[in-house]
Amino acid sequence: MMSLAADIGGTYSRLAWLDDGTVPAGDPQVFRNAEFGSLEDVISHGLAERGRSAEPIDRMVLALPGPVQGDPILLTNIDWRLRRDVLQSRFAVTRLTIVNDFQAAALGAAAEPIDRLKVLNSATPDDGAVVVAGAGTGLGMAWMPDRRPGQLPRATEAGHLDFAPNDPVQLRLYRELAARFGHVSYERIVSGDGLLSTYRFIAGASAEAQTPAQIVSAATRGDSHASEAVQLFVAVFAAYAGNLALAFNPTGGLYLCGGLAVHLAEWFDPETFQAAFAAKGRMADMVRRIPVFLVTRHDAGLAGAIMIARNTTGQRYDE
C-alpha cells in the first residue's frame, strides 16, 4: 500500500511517498507550483515520475496554506482550489487527511534535535506551550498547549495580525504599505513579497533586485540597501515573535522556520534578535524567559506531514 505526505507552499510543493505507510519510496519530490495548473496535476506528475500512475493511494496527508475547514478549499498565496471528493475519486484515496501547512510545520519543527537548531534566545524549554511561526511566501503560525506526543497543533492565521511599527523607519514603511494595501499585517513585511516591498521602500529609484532571492544575494555581497532591508525584516520578525511570546507564553519553545527564514539564517544574530524580541517594556523579563530557535531545514512542514501519515492507529493526530 502506498501513502502520500505532501507539504504545499505558495511557491513549492514537496511530496514524500511511503510504502506500507511508513517506508520512504525514494527521495522527496519538489515541484515549482507555477509550472502546474492545480494540486491534482502536481500529484499526478509525482506519481508518473515514480512510474506508479495506476496505483491507488491508501492514505493521503496534505498540508495546505490557509484555512482548510471548508470545501472547496481555497489555497492562500496560490490560485488553486480543491475538493475532497475529487481528490478521493481521482486518486482512489482510502483515507484523506488535510491540515493547515503550519500544523504540519509545527510538528516537524518541534521534533528537530537541538543540534540542528540555531539558538536565538537560550532559555531552557519545559513542557509548556509550543509556538511555530514561519516566513516564506506568506507568514504562518501554529501552536500546541504542551509537548504531549501525538497531538495535532492548532492552526491560526496570526500572520495577518496588525503590524505595529516600533521606530521611525518602520512607521514610514507602515504608511507606505497602508497607502497601497489599506490593512497592513505582519505578513506584508515578514514574507517574500514583504521583503521585496521593504527593499523597494529603502532603495527607492536605486532598487535593482527583483526577487527575494536577489535581495538576499545582494545583501550577502554587501549591498547597503539590501542589507538594510534584511536587517529590518529580521527586526520586525523578532518583534512579532515577542508578541507571540506575550500571547502564548510558549515556555516549551518558540520556533521560527520557513524557506525565507532559512535562507536568511546567517542574518539572525542572537544578540540583535533578542533586543528586538524582548523590547516589550514592563514585560521584557517575561519575554526573555521564552526559548527561541531558528529551524535550519527547508522541509519542516513535510517532516510533520510524514509524521501524520505514519500514524495508522487513528488515535493520534486526529483531524
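Residues numbered from 1 in each chain as written. Predicted model: local features only at pLDDT ≥ 70, side-chain atom pairs only at ≥ 80, totals over all residues. Heavy atoms only, no water.

Asker: Please clarify how the sheet that holds strand β14 (residues 292-295) should be interpreted in this entry.
Answerer: Strand order in the open sheet made by the 6 strands is β9-β14-β13-β10-β11-β12, with mixed pairing throughout. The strands lining the two open edges of the sheet, one partner per strand, are β9 (117-121) and β12 (154-155). Sheet topology note: the strand β10 (residues 130-135)/strand β13 (residues 253-257) ladder contains 5 bridges and is parallel. Bridge pairing links G134 to C257 in β13. Against the sheet, helix α9 (residues 270-277) makes contact with β9, β13 and β14, and its axis sits at roughly 50° relative to β9, the strand it touches most. (Pairing = 2+ DSSP bridges. Helix = DSSP H or I, 4+ residues; strand = E, 2+ residues; numbered from the N terminus. Contact = heavy atoms within 4.5 Å. Axes fitted to C-alpha atoms, helices over the stretch in contact; angles between N-to-C directions.)

Asker: What is the right way to read unusual backbone geometry from this model?
Answerer: Both trends apply: most residues other than glycine have a negative phi, and most peptide bonds are in trans. Here the bond from D71 into P72 is cis, since omega is 10°, no more than 30 degrees from zero. Within the fold, P72 resides in the loop between β5 (59-64) and β6 (73-74). Positive phi, normally seen in glycine, also occurs at A92, with a value near 50°. Of note, N249 is a non-glycine position whose phi angle comes to about 45°, a positive value. With respect to the helices and strands, N249 occurs in the loop between α7 (224-248) and β13. Judged by relative accessible area, N249 falls into the partly exposed class, the value being 30%. (Buried < 20%, exposed > 50% of the residue type's maximum accessible area, 1.4 Å probe, protein only.)

Asker: Sorry, what's going on with the packing of aromatic side chains here?
Answerer: Here a ring pair, both rings aromatic, is described through the centre-centre distance and the interplanar angle of the planes. Scanning the model with the defined rule gives 10 aromatic pairs in all. Ring geometry for Y186 versus Y240: centroids 4.9 Å apart, planes at 45°, classification tilted. Pair noted here: Y186 is in the loop between α4 (168-181) and α5 (192-203) and Y240 is in helix α7, with a separation of 54 residues, a long-range link. Here Y186 and Y240 have matching classes, each one buried. With a centroid separation of 6.0 Å and an interplanar angle of 70°, the aromatic rings of F233 and F237 are classed as edge-to-face. Placement of both F233 and F237 in helix α7 is noted, with a separation of 4 residues, approximately one turn of the helix. Accessibility assignment for this pair places F233 and F237 in one class, buried. Members of the aromatic cluster, connected to one another through ring pairs, are F233, F237, F268, F273 and F277. Its end group placed over the ring of F181, R188 keeps NZ or CZ at 3.7 Å from the ring centre. (Phe/Tyr/Trp six-rings, centres within 6.5 Å; stacked < 30°, edge-to-face > 60°. Lys NZ or Arg CZ within 6 Å of the ring centre and 35° of its normal.)

Asker: Which parts of the structure should I look at to understand the side chain of Q29?
Answerer: Tracing the sequence through the fold places Q29 in strand β4 (residues 29-32). By relative accessible area, Q29 is classed as buried at 5%. Within the structure, the side chain of Q29 is placed 2.7 Å from the side chain of W17, a separation counted as a polar contact. Polar contacts involving the side chain of Q29 include one to the side chain of E49, which spans 3.2 Å. Residues within four places of Q29 in sequence aside, it is in contact with S13, R14, L15, W17, G46, E49 and R50. (Polar contact = N/O pair within 3.5 Å; in protein donor to acceptor, adjacent residues only side chain to side chain.)

Asker: Help me understand the nonpolar core, please; the structure alone is not making it clear to me.
Answerer: Side chains of a nonpolar character, in soluble globular proteins, are inclined to be buried together. Counting residues in each nonpolar core, the largest one holds 53 residues, and the members touching the most others are F233, F237, L254, L256, F268 and F277. The element best represented in this core is α7, accounting for 13 residues. Beyond its immediate stretch of four places on either side in the chain, F233 contacts A135, I189, V190, S191, L195, L260, L264 and F268. By size, the runner-up hydrophobic cluster in this structure holds 28 residues, among which are V42, I43, L62 and L75. (Core = buried A, V, L, I, M, F, W, Y, C linked by side-chain atoms within 4.5 Å.)

Asker: Would you mind going over the pairing of strand β1 (residues 2-8) with me for this structure?
Answerer: The side chains of a regular strand alternate between the sheet's two faces. Taken across its 7 residues, β1 has 7 buried, putting it largely inside the fold. Both faces of β1 are covered, namely the face carrying M2, L4, A6 and I8 and the face carrying S3, A5 and D7. Bridge count for β1 against strand β2 (residues 12-19) is 7 bridges, and the pairing is antiparallel. Looking across to β2, one finds that I8 is bridged to S13. Linking β1 back to β2 in an antiparallel pair, the connection comprises 3 residues.

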